[in-house]
Amino acid sequence: MLTFNAIDVETANADRASICQIGIVHVEEGDIVDRWETLIDPEDWFDPWNVSIHGISEIDVSNSPTLPVVRNELRRRLRGSILVSHTSFDRVAFERAMDRYGLEQLQVTWLDSSRIARRAWREKFGRKGYGLKNVARELGISFRHHDALEDARASAEIVLRACREHKMDIEDWLERTTSQKSQKRTVRLVLREGNVSGLLNEETIVFTGKLSVLRQEAADVAASAGCRVVGGVSRKVTLLVVGTQDAHKLNGYTKSSKHRKAEELIAEGAEIQILSESDFLELVGADLQD
């Protein structure tokens, strides 16, 4: 079976709940049969850095619907389907946004196309380079990066290519990418060694700023979920968790050196996701606060 949907979102700022664009591609029996895209008013502020990435500003969404307005359309298009996204970013964005508005979560089965790429072409993407832009380039898939509909289409085409080259269907990839057996690999010890059975065992995480819990506790939770916890930002990092910043320690900047370094690397093509602490807790499915 080669029937599924693919989705991508863009956000207004580092809070993943601030969805400002949604793109959906519908695939039936191996063919893209429908596409849907909309701008969303996130009812939130727009970080100039995010605007520089996707080009969507507060003015652009001023007459756009909010997420609750399009919720029924999302339900109609997606309910009960296998939903592809590249990395966990889009899944967590929807979970956070739905919680913000008190809406029912999307009733879908999520499938990560970055995990598929890492297993389908291990020699190219097994350890690094599995970001959407790089995978699409290596496979000869042309698209306009950081446009939600284009990113969703690229994710769908990556999955279709993997299915055809390896003679596997969507159910096969779903089983292969979520089974513990498929996730077994050596995780190098840095500051924390990730749990190889954790769902996030392919992520490398860094914390910056003051968290609501001790940094050690947050690192333990991240490692339990599978993350490799490191101390500095580099191209190997995939997740940066941003806590509260102390202005006295920023030397005149508005963001920490780790935050600024991550943004510089992203601008150069690195696939680093920037999360708030609440996004991190949602991602790992934990609540560390009293």
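Sequence order as written defines residue numbering, which begins from 1 separately in each chain. Only residues with pLDDT of 70 or above have their local features reported here, since the model is predicted, and side-chain atom pairs are shown and tallied only from 80 upward, although totals for entire chains, interfaces and linings are computed over all residues. For side-chain calculations, the full set of non-hydrogen atoms in the structure is used, while hydrogens and water are omitted.

Q: How should the overall build of the chain be read in this particular structure?
A: The secondary structure listing takes helices from DSSP runs of H or I that are at least 4 residues long and strands from runs of E that are at least 2 residues long, numbered from the N terminus. Each helix and strand in the chain was counted, giving 12 helices and nine strands. C-alpha atoms of the chain, sized along the principal axes, occupy 55 × 50 × 35 Å. Every one of the 290 residues in the chain was classed for burial, and the buried ones make up 54%. Contacts are assigned to residue pairs with any non-hydrogen atoms lying within 4.5 Å of each other. Contacts in the chain between residues at least 24 apart in sequence constitute 69% of all its contacts with a sequence separation of at least 6. All accessible-area figures derive from a Shrake-Rupley calculation using a 1.4 Å probe, and residue coverage is judged against the displayed protein chains alone. Per element, the accessible surface of the chain, about 13600 Å² overall, is 47% carbon and sulfur. Distance between charge centres in the chain, computed from 40 positive and 46 negative side chains, equals 7 Å. Buried means the residue's accessible area, taken with a 1.4 Å probe over protein chains only, is under 20% of the maximum for its type, while exposed means over 50%, and partly exposed covers the values in between. In this tally, Lys and Arg are treated as positive and Asp and Glu as negative; His is ignored, and so are the chain termini. Charged groups are reduced to one reference atom each: NZ for lysine, CZ for arginine, CG for aspartic acid, CD for glutamic acid.

Q: Explanation requested: the side chain of H54 in the structure shown.
A: By the secondary structure assignment, H54 is in helix α1 (residues 48-54). As used in this structure description, the phrase polar contact means that two N or O atoms lie within 3.5 Å; if the pair is within protein, one of them must be able to donate a hydrogen and the other to accept it, and residues adjacent in sequence are counted only when both atoms belong to side chains. From its side chain, H54 meets the backbone nitrogen of I56 in a polar contact 3.0 Å long. Apart from the residues within four sequence positions on either side, H54 is in contact with E10, T11, C20 and H146.

Q: What exactly am I supposed to notice about the nonpolar core here?
A: Of all hydrophobic cores here, the largest spans 33 residues; its most connected members are F4, W121 and I158. When residues of this core are traced back to their parent elements, those giving at least two are β1 (4-11), β2 (19-28), β4 (82-85), α4 (113-120), α6 (132-139), α7 (148-166) and α8 (170-178). With nine residues, the single largest contributor to this core is α7. Residues in contact with W121, not counting those within four places in the same chain, are G126, L139, I158, R161, A162, E165 and H166. Each nonpolar core is a collection of buried residues, namely Ala, Val, Leu, Ile, Met, Phe, Trp, Tyr and Cys, held together in the definition by side-chain atoms within 4.5 Å.

Q: Just checking my understanding: could you explain the packing of aromatic side chains for this structure?
A: Working definition: a ring pair exists when centres of Phe, Tyr or Trp rings (six-membered ring for Trp) sit within 6.5 Å. Plane angles under 30 degrees give stacked, over 60 give edge-to-face, the rest tilted. Under the criterion given, the structure shown has two aromatic pairs. Centroid distance W121 to F125: 6.2 Å. Interplanar angle 85°. Geometry classified as edge-to-face. Judged by relative accessible area, which is 6%, W121 ranks as buried. Judged by relative accessible area, F125 falls into the buried class, the value being 0%.

Limitation: the analysis is restricted to geometry and does not speak to function.
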